[in-house]
Amino acid sequence: QVRLVESGGGSVQAGGSLRLSCAVSRPTFMTGDMAWFRLAPGPEREGVAVIAFDGRTRYANSVEGRFTISQDNTKNTLNLQVNSLKPEDSGMYYCACMIHRGYLSLSDFEYDYWGQGTQVSVSS
């Protein structure tokens with residue numbers, strides 16, 4: 001049984017920071033890529049960051065240099081440090097995982113399991 005539970009969202013002013021966390025429960029932790037996505041105004045769910053089992057990372061161009069994805073195997077968590085936030089970063093942030101595969105994909109259809117999301121609101 002795979003469960004993903006996000007936390008750490010909130011309301012901040014532009015330029016502020018948050019640390020999002022995803023508590024991960026799955027049969028074999030970190031056997032596939034794990035990623036963060038967000039749903040903002042607009043039709044598309046955007047992949048923002050992904051981390052592979054070997055630690056390789058990939059970021060969307062819109063967040064490169066501002067967001068950092070990391071794993072904490074001791075706590076079984078996936079984290080996303082979000083800095084220098086902009087109003088356009090607002091949205092629901094979801095963690096996701098794929099099982100037994102690793103492509104550093106930022107496409108949502110590649111992922112097998114999803115959390116329910118945590119809300120990020122950035123005001124100007």
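You'll find the structure just up there.
Residues numbered from 1 in each chain as written. Predicted model: local features only at pLDDT ≥ 70, side-chain atom pairs only at ≥ 80, totals over all residues. Heavy atoms only, no water.

Participant: Even after reading the chapter, I still don't get the pattern of salt bridges, so can you show me in this structure?
Facilitator: Note that side chains of opposite charge can pair when their charged atoms are close. All chains considered together, the criterion is met by six salt bridges. R38 is the salt-bridge partner of E46, the closest N and O atoms lying 2.9 Å from each other. When its relative accessible area of 28% is taken as the criterion, E46 is described as partly exposed. Take R38: its relative accessible area is 4%, and that puts it in the buried class. Taking the shortest distance from any N to any O, the salt bridge between D54 and R56 comes out at 2.9 Å. (Salt bridge = Lys/Arg side-chain N within 4 Å of Asp/Glu carboxyl O. Buried < 20%, exposed > 50% of the residue type's maximum accessible area, 1.4 Å probe, protein only.)

Participant: Sorry if this is basic, but what is going on with the nonpolar core here?
Facilitator: Nonpolar side chains tend to gather and get buried jointly when the protein is soluble and globular. One finds L4, W36, F67, I69, L78 and L80 to be the most contacted residues of the largest nonpolar core, which totals 26 residues. Of all the secondary-structure elements, those providing two or more residues to this core are β3 (18–25), β4 (34–39), β5 (45–51), β7 (67–72), β8 (77–82), β9 (91–97) and β11 (118–123). The biggest single contributor to this core is β3, with four residues. Here I69 is in contact with M34, A35, W36, A49, V50, I51, T57, Y59, L78, N79 and L80, once residues within four sequence places are set aside. Counting residues in hydrophobic clusters, the runner-up holds nine residues, among them F37, A52, L104 and L106. (Core = buried A, V, L, I, M, F, W, Y, C linked by side-chain atoms within 4.5 Å. Helix = DSSP H or I, 4+ residues; strand = E, 2+ residues; numbered from the N terminus. Contact = heavy atoms within 4.5 Å.)

The values reported here are purely geometric and, on their own, carry no functional implication.
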